[in-house]
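An overview of the molecular structure
So the chains spell out like this:
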Amino acid sequence: MWQRGTAALCGRLDKFQLHHLQRSDAMRHVACYVRAYFPVAIAAFCSLSLSACKPSATLPPASIPAPRLASHEATLRFTEVTLDTGIQFRYQNAQEADQSAILESLGGGVGLLDADRDGFVDICLPGGGTMTSDKQVGGLPTGFFRNLGGLRFASCAKAGLSPCSFYSHGATIGDYNNDGFPDVLITGYGGVSLWTNQGDGTFTESIEHCGIESPSWNTTAAWGDFNEDGSLDLYLEHYVNWSFDNHPVCRVPGGQREICSPKKFEPLADQVYFSNGDGSFHDATQEAGLRTDGKGLGVLLLDANDDGHLDVYVTNDTVANFLYLNDGDGRFDEVGMLHGVAVDDHGITNGSMGVEALDYNSDGLLDLWVANYEDEAFALYRNEGRGHFLHVSELSGVKALGQYFVAFGTAAADFDHDGDEDLVVANGHVVKFPQRSPRRQLPLMLRNDEERFVRAESVGDYFENDHEGRGLAISDLDNDGDIDVVVSHILDPISVLRNDQQSARWFGVQLSGVRSNRDAIGAKLTLHTTDGNKMMRQIKSGVSYLSSSDTRVLWGLPNGAEVERLVIRWPQGHVQEVMAPPTERLLTIVENVGGEVDEPVSENDNANDASVP
């Protein structure tokens, strides 16, 4: 009786919040304030009886229709070309040691970068690790594959990204020393390693001299200029306090030993390192004002409240997510609960892993997308302005996907060139003996269909077969103007998915900061087209799960639209315009600190792009 009453009240609050407050645009401001404070009340009340407020674990409610499939109008299709690329690599999680350790469950990510600046994006892959019978944890080599063009890759041991002394998970890409060449940070259990690009596609290990020290369990990291001094700082996520000295025995109903839930372990505090401007760093965690109670798996750097400062969104496993708003000097105010992105629409904390930001409704504000655990819906938080968000998974059709997926790597891009951003998700279970859904699961391609996400059908064999997916990153690997996908799995080889959509019209840019950080992380780009559309993108960091996507930005140009102008708000705050840029090619745009309007220049035939100073 108590549980039924609790569930009914939570449902009424949720229904009021999601439906009655959105009848008109004028009510959005009211919805913003209600959404800001309702989760606090809901969470406090529902915590008395979590099982009553949480949705059913087995079947979606009868009132939610079966997933609507996207139409074939955009002719979107992906072809798995892994065997043809020459890449042979698989992440190793040491499950053969039969330790049933939570360490086995996280998997590895994907790092995409143009290491030698030849115009082709290369692939970096953490290798995982080993566990021995005497309970020692070790590392495996990082894979690096140079892009030869034409979607052919060659393993390149001379790049120098190995060995790895710790059990690795993530690959985070960023030009931390502003020399024009991307560097690589590998994260994992027991350490991090920073590999500095020498400018010729080779790397040297720099962790001992740079001031970054973290023997903790490091998961996802992200580069960004928090204090706006022009140099990249580092946000470093930590997970839980598992070790072989803290290795409880957990079992499923049948008696088999199972991987324990993260709820069995205490959280580890995240860290922030500020750049000293000379390639070294200092620990600024206390100065930044971070919380210490997260179990971080995903992190995203974005301008959440559109004030020109780089904010941080952290997705935590089984505890509330964090939203840190930045004051511009690198001091953060954590407002996740008050701003509506800490919990779901029932006021319940989720097992959150992958994360992305996109302007799905084309209002010029970045919305948040979170990939969650089974029994939980994917979370889409619509940005209502000033960094306040509303949970709109039901309104946007996302809940129709069901609650069967254990979701990890995810990314947003205009995969079908229709002018809005779609989503791709890698799924796969984390335990050995799952009770409700299988270990191997279908990946998802979700088309944005007039602000509702629908599952795309017949988009390629990869999406019709089950996988144990983890990290995911995106890039135009073959430089043909559309976005390809790379996915890492547990034990299975990685997958390279070539985008074969049939629309040829596109426009792309690569930014190069001068006063701002060289990668232009935090830059806001708005493309104005002749059909009246304004398509906003932002250069983000973190994104997905344990992975780093290409920072080049591509737009599809639907319905014969032409580009009128591109407006760039650089991380340092000034605005630059490029008038009538050429299409069907990639422009390299260098930050113009003088603020004049730029005109396009002639195409560079060698790099298949144009350069705008």
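Reading the values: rules and limits
Residues numbered from 1 in each chain as written. Predicted model: local features only at pLDDT ≥ 70, side-chain atom pairs only at ≥ 80, totals over all residues. Heavy atoms only, no water. Disulfide = S-S within 2.5 Å. Helix = DSSP H or I, 4+ residues; strand = E, 2+ residues; numbered from the N terminus. Buried < 20%, exposed > 50% of the residue type's maximum accessible area, 1.4 Å probe, protein only. Pairing = 2+ DSSP bridges. Axes fitted to C-alpha atoms, helices over the stretch in contact; angles between N-to-C directions. Salt bridge = Lys/Arg side-chain N within 4 Å of Asp/Glu carboxyl O. 1 Å grid on protein atoms, 1.4 Å probe; cavity = no way out; pocket = protein on both sides within 12 Å on 5 of 7 lines; lining within 4 Å. Points joined across faces, edges and corners; volume = space filled by probe spheres on them. Domains from an automatic or database assignment. Phe/Tyr/Trp six-rings, centres within 6.5 Å; stacked < 30°, edge-to-face > 60°. Lys NZ or Arg CZ within 6 Å of the ring centre and 35° of its normal. Lys, Arg positive; Asp, Glu negative; His and termini not counted. Polar contact = N/O pair within 3.5 Å; in protein donor to acceptor, adjacent residues only side chain to side chain. Contact = heavy atoms within 4.5 Å.

1. Here we look at the state of the cysteines
Inspection of the entire model under this criterion finds one disulfide. Cys-250 shares a disulfide with Cys-260; S-S distance 2.0 Å. Because the sign of the S-S torsion sets the handedness, a value of about 105° for the bond joining Cys-250 and Cys-260 places this disulfide among the right-handed ones. Within this pair, whereas Cys-250 is found in strand E15 (residues 250-251), its partner Cys-260 is found in the loop between strand E16 (257-258) and strand E17 (271-275), the two being separated by 10 residues in sequence. Judged by its relative accessible area of 11%, Cys-250 falls in the buried class.

2. Description of the sheet that holds strand E24 (residues 367-370)
Sheet architecture is open: four strands sit in the order E23-E24-E25-E26, paired in antiparallel fashion. The sheet is open, and its two borders are formed by strand E23 (355-358) and strand E26 (388-391), each paired with just one other strand. Adjacent strand axes in the sheet meet at a mean angle of 25°, parallel and antiparallel pairs treated alike. Of the pairings in the sheet, the one linking strand E25 (residues 379-385) to E26 comprises four bridges and is antiparallel in character. If you follow Arg-382 over to E26, its bridge partner there is Leu-390.

3. Focus on the sheet that holds strand E4 (residues 122-125)
Strands sit in the order E3-E4-E7-E8 across an open sheet of four strands; the sheet is antiparallel. The two strands at the open ends of the sheet, each matched to only one other strand, are strand E3 (111-113) and strand E8 (152-155). Recorded for the sheet is a direction-independent mean angle of 25° between the axes of neighbouring strands. When strand E7 (residues 143-149) meets E8, the two strands line up antiparallel, connected through four bridges. Paired with Asn-147 across the bridge in E8 is Phe-153.

4. Remarks on unusual backbone geometry
A cis geometry characterises the amide bond from Ser-162 onward to Pro-163, with omega recorded as 5°. Although it is not a glycine, Glu-451 sits at a positive phi angle of roughly 70°. Residue placement: Glu-451 occurs in the loop between strand E29 (444-448) and strand E30 (453-456). The exposure class of Glu-451 is partly exposed, given its relative accessible area of 40%.

5. Digging into the pattern of salt bridges
Across all of its chains, the model carries 22 salt bridges by this definition. Linking Asp-345 and Lys-399 is a salt bridge whose minimum nitrogen-to-oxygen distance equals 2.6 Å. Here Asp-345, found in the loop between strand E22 (332-334) and E23, pairs with Lys-399, found in the loop between E26 and strand E27 (407-413); they are 54 residues apart in sequence, far enough to count as distant. Of the two residues examined, Asp-345 and Lys-399, each falls in the buried class. Taken together, the salt bridges that share partners define one network made up of Asp-303, Asp-306, Lys-524 and Arg-569.

6. Focus: empty space enclosed by the protein
Per the counting criterion, the structure on display carries five cavities of 30 Å³ or more. Of the volumes computed, that of the largest cavity is approximately 110 Å³. Residue lining of the largest cavity: Asp-225, Glu-228, Asp-303, Gly-308, His-309, Leu-310, Ile-521, Gly-522, Arg-569, Trp-570, Pro-571 and Gly-573, and that is the complete set. Both domains that furnish three or more residues to the lining of the largest cavity are identified here as domain 1 (78-507) and domain 2 (508-542 + 552-590).

7. Overview of the packing of aromatic side chains
For the structure on display, the rule yields 23 aromatic pairs. For the pair Phe-89 and Phe-145, a centre-to-centre distance of 6.2 Å together with 80° between the ring planes defines the contact as edge-to-face. Separated by 56 residues along the polypeptide, Phe-89 in the loop between helix H4 (82-85) and E3 and Phe-145 in strand E7 bring together distant segments of the chain. The exposure class assigned to Phe-89 is buried, which follows from its relative accessible area of 16%. You can call Phe-145 buried: its relative accessible area is 4%. Between the aromatic rings of Trp-369 and Phe-378, the centroid separation amounts to 5.2 Å while the plane-to-plane angle is 5°, which identifies the pairing as stacked. The buried category is assigned to Trp-369, whose relative accessible area is 0%. Ring pairs connect the aromatic residues Tyr-189, Trp-217, Tyr-239, Trp-242 and Phe-244, which therefore count as one cluster. Lying over the aromatic face of Phe-408, Arg-470 brings its terminal NZ or CZ to 4.3 Å of the ring centre.

8. So, the side chain of Asp-359
With respect to the helices and strands, Asp-359 occurs in the loop between E23 and E24. For the buried residue Asp-359, which engages in no salt bridge, the nearest side chain bearing the opposite charge is Arg-537, 6.2 Å off. Here Ser-362 takes part through its backbone nitrogen, which lies 3.1 Å from a polar atom of the side chain of Asp-359. Look past the residues within four positions of Asp-359 in its chain and what remains in contact with it is Gly-364, Leu-365, Leu-366, Asp-367, Glu-421 and Met-536.

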